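The primary structure of each chain is shown beneath.
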Amino acid sequence: MTATTGVMTTATPPPVAPTGQHHGLAVVLFAVVVLVTLGITLWVGRQGNAAEDFYAGGRGFTPLQNGFALSGDYLSAASFLGVAGLIALYGYDGVLYSIGFLVAWLVVLMLVAELVRNAGRYTLADVLALRLRRRRVRAAAGGASVVVTLLYLVAQMVGAGSLVALLLGTDSAQARTWTIIAVGALMIVYVTIGGMRATTWIQIVKAFLLIAGSLLLTVLLVVRFHGDLFELMRRAAQHSGSGHRYLEPGLKYGASFTSRLDFFSLGLALVLGTAGLPHILSRFYTVPTARAARRSTMWAIGLVGGFYLMAIALGLGATALIGSAEVRHANAAGNTAVPLLALVLGGGNGSTGGVVLFALISAIAFATILAVVAGLTLASSAAFAHDIWAGAWRGGPRRRRGGEVGEKPSEQQEVVVARFAAAGIGAAAIVISLYAQQLNVAFLVGLAFAVAASANLPVLLYSLFWSRFTVRGAVWSVYGGLVPAIVLVLFSPVVSGSKMALFPGVDFHWFPLENPGIVSIPLGFLAGWIGTLTSPEPADADRFAELEVRALTGAGAA
Amino acid sequence: MPQQQTSSPGQGQRFDWWAAQAAATASESAAAPRRTAVPAQPGPARTADAQSAAAEPVAAPPAPPVPPAPPFAPSVAPAVPPVPTVAPAAVAPAAVAQEPTAQADTPDSTQVYRSVQASPAFQDIRRSYRTFVFPACGAFLGWYLLYVAAEAVAPGAMRSPVAGPLNVAWLLGLLQFASTFLLTWLYARNARTKRDRAALGLRWDTQDQLR
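Residues numbered from 1 in each chain as written. Chains lettered and ligands numbered in written order. Predicted model: local features only at pLDDT ≥ 70, side-chain atom pairs only at ≥ 80, totals over all residues. Heavy atoms only, no water.

Draft legend 1. Layout of the packing of helix α8 (residues 135-167) of chain A against helix α19 (residues 471-490) of chain A. Residues and elements named next belong to chain A. At their nearest, the axes of α8 and α19 sit 9 Å apart, and the two run at 25° to each other. By the angle class used here, α8 and α19 are roughly parallel. The way α8 lies across α19 gives a crossing that is left-handed. Two secondary-structure elements touch here, α8 through Arg136, Val137, Ala140, Ala141, Ala144 and Val147 and α19 through Val471, Ala474, Val475, Val478, Tyr479, Leu482 and Ile486. (Axes fitted to C-alpha atoms, helices over the stretch in contact; angles between N-to-C directions. Helix = DSSP H or I, 4+ residues; strand = E, 2+ residues; numbered from the N terminus. Parallel < 35°, antiparallel > 145°, perpendicular 65-115°, else oblique. Left-handed = near helix turned anticlockwise from the far one by under 90°. Contact = heavy atoms within 4.5 Å.)

Here it is in structure tokens:
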């Protein structure tokens with residue numbers, strides 16, 4: 001597949017980027033990435049076929065391994081290339097963007113990781129179902145999870161299309177289309193054959209490569225500046241074309257009060273959304289205990305934080321050594337800033353070192369894309385098979401031994417459904433991505449976070465901490481966050497009424513912001529609260545006792 | 001005592017939880033008294049259905065089963081009444097009624113969870129968890145949102161220079177990184193020293209009762 005995209009080259013390559021045969025090495029390394037990941041999938045995927053293997057990788061990973069896998073899941077190509085690119089183009093405002101991604105992990109660490117690990121089995125809805133044993137709760141939570149992962153998946157695949165095409169030195173629409181299809185096909189293979197175990201190992205390998213690659217570049221960069229980071233900042237400001245404003249807030253998000261409010265909305269979504277991302281939550285089930293979940297989160301915080309610090313340095317370095325204008329010329333969103341920086345740090349265009357480093361970094365970015373989409377596909381197939389199909393449609397999957405309620409599907413059946421769901425969701429993501437290619441990747445990611453923060457987080461926190469929370473509160477809270485988030489986006493400038501909109505010809509927008517978080521997140525919390533207060537049935541104190549005891553002590557944890 | 005596991009199970013990955021149970025049980029017995037120390041029984045712990053295994057009351061309490069209201073004294077010895085009435089009369093009588101999918105939860109396991117929840121050992125764990133986590137979350141969320149809001153409301157103040165090319169905005173941004181790492185470390189230390197061992201002891205205790 002990479003060969004196909006590689007062959008159809010001959011668009012205009014950016015001036016600094018290597019041309020022609022230099023992409024040959026990148027193509028070879030891309031092929032290596034594909035072969036290695038497929039090898040992992042086939043080798044690891046045979047180690048077990050039970051539901052616990054498919055959804056949770058057998059629960060046998062160590063905190064270190066899971067910490068790498070968590071950061072692998074989290075640091076998408078949008079982070080690796082996107083954040084560094086934003087910093088290269090907009091300086092301080094790019095830094096501002098990256099901080100929300102890191103701070104969000106404190107919510108995960110303190111409020112979610114251990115309790116979710118103790119109280120659930122495979123998905124977010126498991127935690128809710130422990131206390132609110134109703135099909136409609138499972139259906140709501142499972143549906144919201146599928147929506148969130150699908151949005152995130154489309155974001156990644158749209159990004160992958162333009163990115164891989166760019167890294168291989170082509171810009172044709174055909175190359176993008178084939179990349180999206182190939183990436184989608186690969187992720188379906190990983191997930192259906194390898195399940196969580198293969199996905200986790202792919203994440204670990206990818207995260208290791210990502211951190212190692214960034215570390216290498218950062219060391220080279222710092223050596224280039226003799227360790228003087230102030231000099232790096234000054235030089236970046238000089239070559240940014242905006243002078244000192246480059247190091248001040250407002251270059252990207254400061255145009256008007258609306259745009260600053262929009263950024264605040266995005267910041268809120270980032271910091272609260274991470275704890276509601278299904279593919280992050282399901283990672284906690286791959287370790288044996290809550291304590292291991294905590295330790296893996298700590299590893300993830302260290303890795304993610306270290307990574308973003310390096311991304312700041314790399315973004316500044318790209319501007320200092322290449323210049324904002326050049327970076328923007330190569331790619332309007334700045335996505336190629338890091339590969340270009342690698343080229344320069346390796347010795348410049350034409351040098352062996354430069355070409356090797358460029359190809360290496362491009363291959364790491366490619367591995368990043370593959371790993372993240374695999375993790376997302378797995379999470380959404382789990383939400384579909386475990387929550388919607390087995391949980392809500394065919395009756396509760398829990399407590400099979402206790403008694404027979406109708407005919408519940410066996411775990412084996414459930415895994416089969418999950419594999420088909422992975423293929424189906426993957427196919428849907430491919431189709432949507434092909435039609436959504438002109439959408440902004442950063443916007444799509446922000447939207448996925450906003451929906452996660454509005455629909456998943458309120459219900460999760462209420463169930464874990466509020467003794468009076470009821471079934472109606474849960475259902476209202478999910479839909480009360482999900483529906484406003486979607487509706488507000490439909491009537492935002494993203495869909496209509498601006499030049500960059502999905503339907504540029506018409507204008508039916510009335511919501512001024514691109515990110516709905518600032519409205520929809522409070523609405524999610526409010527709806528859960530009102531739903532609980534107006535609930536005809538009181539909260540079930542026994543179930544809450546069970547949830548609380550199990551969540552905090554780990555009694556009876558899976 | 002020989003097992004001073006206070007600094008808790010080393011930093012190594014392979015920490016043996018089943019072995020630690022014995023240690024925890026032994027050293028914990030002052031805080032959370034149990035009647036029989038039936039320690040390491042790794043088997044059922046792994047299965048999520050520990051409680052669904054039709055809870056047979058462990059060792060019928062010698063004392064006459066005080067039927068309602070499990071007294072949450074240290075002597076918890078969860079008075080699982082052999083003949084539990086349908087609704088645990090203790091609290092919230094309305095609560096139990098409708099659960100289509102949960103036959104497995106016999107009133108026994110419900111009562112175990114209720115009594116554990118009411119026990120001082122559990123209350124201690126919950127208090128030490130919540131008294132750290134809620135203020136900490138409020139603090140860092142407030143600090144982050146103020147930082148982001150400052151960009152929106154007072155961009156001028158954020159521009160004032162501090163040192164070299166650094167200005168207030170950069171300084172606050174880097175402080176966000178620092179505070180995140182610091183809080184992570186503080187939380188982990190709090191959990192390790194204040195909560196972990198008690199929670200583990202209570203876990204085995206609860207699972208023993210459920211068996």
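Draft legend 2. Structural context of the pattern of salt bridges. Taken as a whole and judged by the stated rule, the model has 21 salt bridges over all chains. One salt bridge in this structure joins Arg294(A) and Glu114(A), with 2.8 Å as the shortest N-O distance. Here Glu114(A) lies in helix α6 (residues 92-119) and Arg294(A) lies in helix α13 (residues 290-321), a separation of 180 residues in the sequence. The pair Arg294(A) / Glu114(A) is uniform in exposure class, with both members buried. The closest approach of N and O atoms between Arg134(A) and Glu537(A), which form a salt bridge, is 3.7 Å. Here Arg134(A), found in the loop between α7 (124-131) and α8, pairs with Glu537(A), found in the loop between α20 (517-533) and α21 (541-553); they are 403 residues apart in sequence, far enough to count as distant. Take Glu537(A): its relative accessible area is 22%, and that puts it in the partly exposed class. Through salt bridges with shared partners, a single network forms among Glu114(A), Arg291(A), Arg294(A), Arg195(B) and Asp196(B). (Salt bridge = Lys/Arg side-chain N within 4 Å of Asp/Glu carboxyl O. Buried < 20%, exposed > 50% of the residue type's maximum accessible area, 1.4 Å probe, protein only.)

Draft legend 3. Seen up close, the packing of aromatic side chains. All names here are of chain A. Enumeration over the complete set of coordinates arrives at 23 aromatic pairs over all chains. Here the aromatic rings of Tyr152 and Phe449 are separated by 5.8 Å at their centres, their planes lie at 45°, and the arrangement is tilted. Taken together, the residues Tyr152 in helix α8 and Phe449 in helix α18 (residues 441-465) connect sequence positions 297 residues apart. In textbook terms, an aromatic cluster arises when at least three aromatic residues are bridged by ring pairs, as seen for Tyr74, Tyr97, Phe101, Trp105, Tyr152, Phe307, Tyr308 and Phe449. (Phe/Tyr/Trp six-rings, centres within 6.5 Å; stacked < 30°, edge-to-face > 60°.)

Draft legend 4. Local environment of the side chain of Glu414(A). Counting through the fold element by element, Glu414(A) comes out in helix α17 (residues 411-435). A distance of 2.6 Å separates a polar atom in the side chain of Glu414(A) from a polar atom in the side chain of His386(A). (Polar contact = N/O pair within 3.5 Å; in protein donor to acceptor, adjacent residues only side chain to side chain.)

Keep in mind these values describe shape, not function.
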